[in-house]
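Fold and contact review
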Amino acid sequence: MALEKKPVVVCISGPSGVGKGTVLKEVLSQEDRAWVSISATSRPPRGQEEHGVDYYFVSKDEFQQMIAADQILEYDEFCGNYYGTPRAQIEARLDAGYSIFMDITVKGALAVKKALPQAITIFLAPPNLQELRSRLEFRDTESPEKITSRLAQAKQEISQAPQFDYFLINECLEETTAAVEQILYVERLRACRRALAIQAILEKF
Ligand code: 5GP
């Protein structure tokens, strides 16, 4: 089993504005068969966001119908809106041997880990809360009230970071990206060694 071919499932969580999307973009540029999960959300699009590219934008009713029809692998409510991972797309990519990357809340990442125990969970934290506030203000996509609500949520999320496999402080994009790549390298090595060890034992029977 070639190391570079081993598909992984990675959940990156952390407060809004911490830079999960930017880190994921960098990491993805180094992967061959990798795909970022496209979530469904009841939040309206912001800026240049496109339906089917950044998110599947649906109404709250539609989201609830998707939950009832068991079409959602995991979901969470964040600052008054639903966010969830459509199940079918994950199953299809897993079957096709893709690595899957997900940018989801803490509750979502822990639910994915339960459903897919091979998932690697990485928590990305800001250097401090002031830095997070500045990043959200600089991004300029949210009203001051929404920024306050996202910062309140951030404290709650950081308190759950010990439940993750890895904890990184996103101080510098290059260093964080390198750290995620090292995590993937080691995790692939572990999975590969495990598979080879099991195969070697089985051959003796
Ligand atoms: P935003 O509104 O900034 O795009 O996303 C808000 C939060 O929702 C972020 O922390 C993001 O990681 C999370 N999120 C996005 N998609 C999903 C999803 O499918 N499931 C869960 N649980 N969280 C998600």
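1. Digging into the sheet that holds strand β7 (residues 99-103)
Read across the sheet, five strands follow the order β2-β7-β1-β8-β9 without closing on themselves; strand pairing throughout is parallel. The outermost strands of the open sheet, each flanked by one partner alone, are β2 (34-36) and β9 (166-169). Going from strand to strand, the sheet's axes swing by 20° on average, the running direction of each strand aside. As judged from the four bridges shared by strand β1 (residues 9-13) and β7, these two strands associate in the parallel manner. Directly across from Val 9, in β7, lies its bridge partner Ile 100.

2. Examining the site of the ligand
In the vicinity of the ligand there are 16 residues, among which Ser 39, Arg 43, Tyr 55, Tyr 83 and Asp 103 approach most closely. Separating a nitrogen atom of the ligand from a side-chain N or O atom of Glu 74 is a distance of 2.8 Å. When isolated, the ligand has an accessible area of 510 Å², and the protein chains bury 96% of it. Of all the secondary structure elements, the ones that give two or more residues to the shell around the ligand are β5 (72-78) and β6 (81-86). Residue composition of the shell around the ligand, grouped by class: four nonpolar, five polar and seven charged.

3. Considering the packing of helix α5 (residues 129-139) against helix α6 (residues 144-158)
It is the contact of α5 with α6, at a shortest axis distance of 11 Å, that shows an interaxial angle of 140°. When the interaxial angle is binned, α5 and α6 end up oblique. With respect to the hand of their crossing, α5 and α6 are arranged in right-handed fashion. Contacts between α5 and α6 pair Leu 129, Leu 132, Arg 133, Leu 136, Glu 137 and Arg 139 from the former with Ile 147, Arg 150, Leu 151, Ala 154, Lys 155 and Ile 158 from the latter. Looking at the contact of α5 with α6, its residues break down into seven nonpolar, no polar and five charged.

Calculation notes
Residues numbered from 1 in each chain as written. Predicted model: local features only at pLDDT ≥ 70, side-chain atom pairs only at ≥ 80, totals over all residues. Heavy atoms only, no water. Pairing = 2+ DSSP bridges. Helix = DSSP H or I, 4+ residues; strand = E, 2+ residues; numbered from the N terminus. Axes fitted to C-alpha atoms, helices over the stretch in contact; angles between N-to-C directions. Near = heavy atom within 4 Å. Polar contact = N/O pair within 3.5 Å; in protein donor to acceptor, adjacent residues only side chain to side chain. Areas by Shrake-Rupley, 256 points an atom, 1.4 Å probe, with all protein chains shown as cover. Nonpolar A, V, L, I, M, F, W, Y, C, P; charged D, E, K, R; others polar. Parallel < 35°, antiparallel > 145°, perpendicular 65-115°, else oblique. Left-handed = near helix turned anticlockwise from the far one by under 90°. Contact = heavy atoms within 4.5 Å.

Nothing here speaks to function; it is geometry throughout.
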